[in-house]
Every structure is written in C-alpha cells, then in structure tokens.
Amino acid sequence: GNQLPEENIIAGTYYVSKLLTLFKDCAPDDRTRLMLASYNAGPSRIYDAQELGAYMGEDPRKWSTIEHMLPLLSKRYYSLHSSVWQSGKPRSGYFGSWRQTLAYVDNTMKIYQTFTKENN
C-alpha cells in the first residue's frame, strides 16, 4: 500500500526482532545469519533445514549446518525426505530457491561487516 518509509522500517525492525527470538539458543553470528535466512525464505524453511540437519547428526543451531541443508530441501532429494518426514517431503514443501537465500545471507553479512568496520 501507501506506507511511509518510516512505517516500513518500523515494521521491518519489529519482524527482525521477532525472527531473532526464534534462534535464542544460537551463537550471535549464527543467530544473525539464521535470522537473515528466515527473513528471506521464511522461518518454516529454516525449521525444515534444522530438522534435516538434526536427522543428519549435525548441529541445527549452526549456520554452517543450515547452509548445507537448504540445498537438500530441493525436490531431487525426495528419497532423503521420505526418511525424515512422514509425508515424504519437507513440512514447507520442496525448496528450489535455496541459492537465492544463501546469496542474500552472504551479501547482507558482507554489507553489515563493511558497515561495522567503518564505524568502529
């Protein structure tokens, strides 16, 4: 609609703070990256990746785990999905646009790191 930039920023900030609470038990850097991935792909996708990571014996609280699990949510891994989920596919369905999410997290972190270096 006709929202003002200020309203968009307030809404975005509120949503980001909500997403951060979903990953309270994660290390700060992992938490930031998981929040960004959730912002981009939706929290339920990240939960699917966490569930898959736990199934594979990896730490679901680490971004490195999620980074490796997101591609495995795509349709080509349907045989793996049937071992993890009763329905035979991830709860949020197949996830084909994982590359875009990984790029989003990566690029946003680069911008953030540049910004924090310049302001310290």
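It should be noted that the structure appears before, not after, this text.
Throughout this description, residue numbers start from 1 for each chain and increase along the sequence as written. Whole-chain, interface and lining totals are the exception, using all residues; otherwise, since this is a predicted model, local features are given only for residues with pLDDT of at least 70 and side-chain atom pairs are given and counted only at 80 or more. Heavy atoms throughout the structure, all of them, feed into the side-chain values; hydrogens and water do not.

Peer 1: I'm lost on the overall build of the protein chain in this one. Help?
Peer 2: Every helix listed is a DSSP run of H or I at least four residues long, and every strand listed is a run of E at least two residues long, numbered separately from the N terminus. In terms of regular secondary structure, the protein chain is built from six helices and zero strands. The burial tally for the protein chain puts 35% of its 120 residues in the buried class. Looking at the protein chain as shown, the accessible area adds up to about 7600 Å², and 54% of this sits on carbon and sulfur atoms. Counting 14 positive and 12 negative side-chain charges, the protein chain places the centres of these two groups 6 Å from one another. Relative accessibility thresholds used throughout: buried, under 20% of the residue-type maximum; exposed, over 50%; partly exposed, between the two (1.4 Å probe, protein chains only). Where accessible areas are quoted, they stem from the Shrake-Rupley method and a 1.4 Å probe; at the residue level, only the protein chains shown are allowed to cover. Counted charges follow a simple rule, with Lys and Arg positive, Asp and Glu negative, and His plus the chain ends left uncounted. Each charge is placed at NZ for Lys, CZ for Arg, CG for Asp and CD for Glu.

Peer 1: Looking at this structure, how should I read helix α3 (residues 43-55)?
Peer 2: Three or four residues apart is the spacing at which side chains of an α-helix point the same way, because the helix has 3.6 residues per turn. Taking 1.5 Å per residue as the helical rise, α3 with its 13 residues ought to reach 18 Å, and the 18 Å between its terminal C-alpha atoms agrees with that figure. If you check which residues of α3 are buried, you get Arg45, Ile46, Asp48, Ala49, Gln50, Leu52 and Gly53. Contacts are assigned to residue pairs that have any heavy atoms within 4.5 Å of one another. On its buried face, α3 is in contact with α2 (28-41), α4 (63-69) and α5 (78-84). Of the residues trailing α3, Gly57 is marked for its positive phi of about 80 degrees. Residue count minus one, scaled by 1.5 Å, sets the expected span of a helix.

Peer 1: I'm lost on the environment of Gly96 in this one. Help?
Peer 2: Positionally, Gly96 belongs in the loop between α5 and α6 (98-118). Look at Gly96 and you get exposed, because its relative accessible area is 56%. Along the sequence, Gly96 and Leu73 sit 23 residues apart, while their C-alpha atoms lie 7.4 Å from each other.

Peer 1: Explain the side chain of Asp48 to me, please; I cannot follow it from the model alone.
Peer 2: Mapped onto the secondary structure, Asp48 falls in helix α3. Any Lys or Arg side-chain nitrogen located within 4 Å of an Asp or Glu carboxyl oxygen qualifies as a salt bridge. Buried charge without a partner: Asp48 forms no salt bridge, and the closest opposite charge is Arg91, 4.9 Å away. Two N or O atoms form a polar contact when they lie within 3.5 Å of each other; inside protein one atom must be a possible hydrogen donor and the other a possible acceptor, and for residues adjacent in sequence the pair counts only when both atoms belong to side chains. A polar atom in the side chain of Asp48 sits 2.9 Å from the backbone nitrogen of Ser92. The residues touching Asp48, leaving out its near neighbours within four places in the chain, are Leu73, Trp85, Pro90, Arg91, Ser92 and Gly93.

Peer 1: Which parts of the structure should I look at to understand the packing of helix α1 (residues 5-21) against α2?
Peer 2: To characterise two packed helices, one gives the angle between the axes of the helices and the distance between these axes. Here an axis means a line fitted to C-alpha atoms, over the contact stretch when the element is a helix, while the angle between two N-to-C directions is reported on a 0 to 180 degree scale. Direction vectors running N to C along α1 and α2 enclose 120 degrees, while the axes themselves pass 9 Å from each other. In terms of orientation, α1 lies oblique with respect to α2. Along this stretch, α1 crosses α2, giving a crossing that reads as right-handed. From α1, Tyr15, Val16, Leu19, Leu20 and Thr21 reach across to α2, where they touch Arg31, Met35, Ser38 and Tyr39. In terms of residue class, the contact of α1 with α2 is built from six nonpolar, two polar and one charged. Roughly parallel refers to an angle under 35 degrees, roughly antiparallel to one over 145, roughly perpendicular to one between 65 and 115, and oblique to any angle outside these ranges. Helix crossings fall into two classes, left-handed where the near helix is turned counterclockwise from the far one by less than a right angle and right-handed where it is turned clockwise. Under this grouping Gly is polar, as are all residues other than the nonpolar Ala, Val, Leu, Ile, Met, Phe, Trp, Tyr, Cys and Pro and the charged Asp, Glu, Lys and Arg.

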